[in-house]
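If you want the building blocks of each chain, they are given just below.
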Amino acid sequence: MAKTSMRMSAEDRRESVIRAAMTEFAKGGYFGTSTDAIARRVGVSQPYLFRLFPTKVDLFKAAANRCLDRTIATFMQAAEGLEGEDALEAMGQAYGEMIEEDRDVLLMQMQLYVAAAASGDGEVAELARRRWLAMWDAVRVRTGLDDEWMNKFFSTGMLINTLVSLGIPSDDRCWLGFSFDEQGKGPAGQGKGPAGEAVQDPAP
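Residues numbered from 1 in each chain as written. Predicted model: local features only at pLDDT ≥ 70, side-chain atom pairs only at ≥ 80, totals over all residues. Heavy atoms only, no water.

### Quick notes on the overall build of the protein chain
Move 1: For the protein chain, the helix and strand inventory stands at eight helices and zero strands.
Move 2: When burial is assessed residue by residue, the protein chain has 46% of its 204 residues classed as buried.
Move 3: Sequence separation of at least 24 residues holds for 62% of the intrachain contacts in the protein chain that already meet a minimum separation of 6.
Move 4: Total accessible area on the protein chain is roughly 10,700 Å²; 52% of this is exposed by carbon and sulfur atoms. (Helix = DSSP H or I, 4+ residues; strand = E, 2+ residues; numbered from the N terminus. Buried < 20%, exposed > 50% of the residue type's maximum accessible area, 1.4 Å probe, protein only. Contact = heavy atoms within 4.5 Å. Areas by Shrake-Rupley, 256 points an atom, 1.4 Å probe, with all protein chains shown as cover.)

Here it is, written out as structure tokens:
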């Protein structure tokens, strides 16, 4: 086999860097993560890392975008061929499965919100606001549901995100009011939010 065939392409290396950045930022956040740690995880030098991403902010934004791209794609794929409450339920179920399989996706989202709040009107805050609105609009267009359903989906989902991030066990009082599937792996029921939580029908 030719030696060059064993080498990772520039695009593959870039993907590896983004994935490594997601993992490191998910654990340490923007302020607690060094670019050196990311470079070590992916096996490249810091100078090479900065050739791909000129600044730490650029790298954090790339990781955040990848996380949110995956979240929105998960919603859209799960709701394919569905509409209304059925589409929303499928989105919630798929999201719950995604964060169970890959905790970095959930933690990266939470770290994005922390960094956005800390940066005020900076690049990270602008990115977080823009991508949140894009996710909101994508869910609304795909489901066709009204503002009350949207508020319940996202607000209840953020509660679930917080409880999962904090490691609150499912039998704690904070989870009262949520129903779980037969395996006890996660919330279940009609009208699920972003982490698979059951949402009550909006009041008439």
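Having seen it, we continue.
### Things to note about the pattern of salt bridges
Move 1: Enumeration according to the criterion identifies twelve salt bridges in this entry.
Move 2: Arg173 serves as the salt-bridge partner of Asp172, at 3.7 Å between the closest nitrogen and oxygen.
Move 3: A relative accessible area of 65% places Arg173 in the exposed class.
Move 4: One network of salt bridges, in which partners are shared, links Arg19, Arg70, Asp102 and Asp104. (Salt bridge = Lys/Arg side-chain N within 4 Å of Asp/Glu carboxyl O.)

### Remarks on the nonpolar core
Move 1: With 51 residues, the main nonpolar core has Phe25, Leu59, Phe60 and Val139 as its most contacted residues.
Move 2: Listed by contribution, the elements that provide at least two residues to this core are α1 (10-32), α2 (35-42), α3 (46-52), α4 (56-78), α5 (84-101), α6 (103-119), α7 (123-143) and α8 (147-166).
Move 3: Ranked by residues supplied to this core, first place goes to α4 with ten residues. (Core = buried A, V, L, I, M, F, W, Y, C linked by side-chain atoms within 4.5 Å.)

### Points about α1
Move 1: The end-to-end C-alpha distance of α1, which contains 23 residues, comes to just 27 Å, noticeably less than the 33 Å that a straight helix rising 1.5 Å per residue would cover.
Move 2: The set of residues buried in α1 consists of Val17, Ile18, Ala20, Ala21, Met22, Thr23, Glu24, Phe25, Ala26, Gly29 and Tyr30. (Expected span 1.5 Å × (residues − 1).)

### A short note on α8
Move 1: Between its terminal C-alpha atoms α8 stretches 28 Å, which fits the 28 Å expected from 20 residues at 1.5 Å a residue.
Move 2: All buried positions along α8 are accounted for by Trp149, Met150, Phe153, Phe154, Thr156, Gly157, Ile160, Asn161 and Leu163.
Move 3: Close packing links the buried residues of α8 with α4, α5, α6 and α7.
Move 4: A positive backbone phi angle near 75 degrees is found at Gly167, which sits one or two residues after α8.

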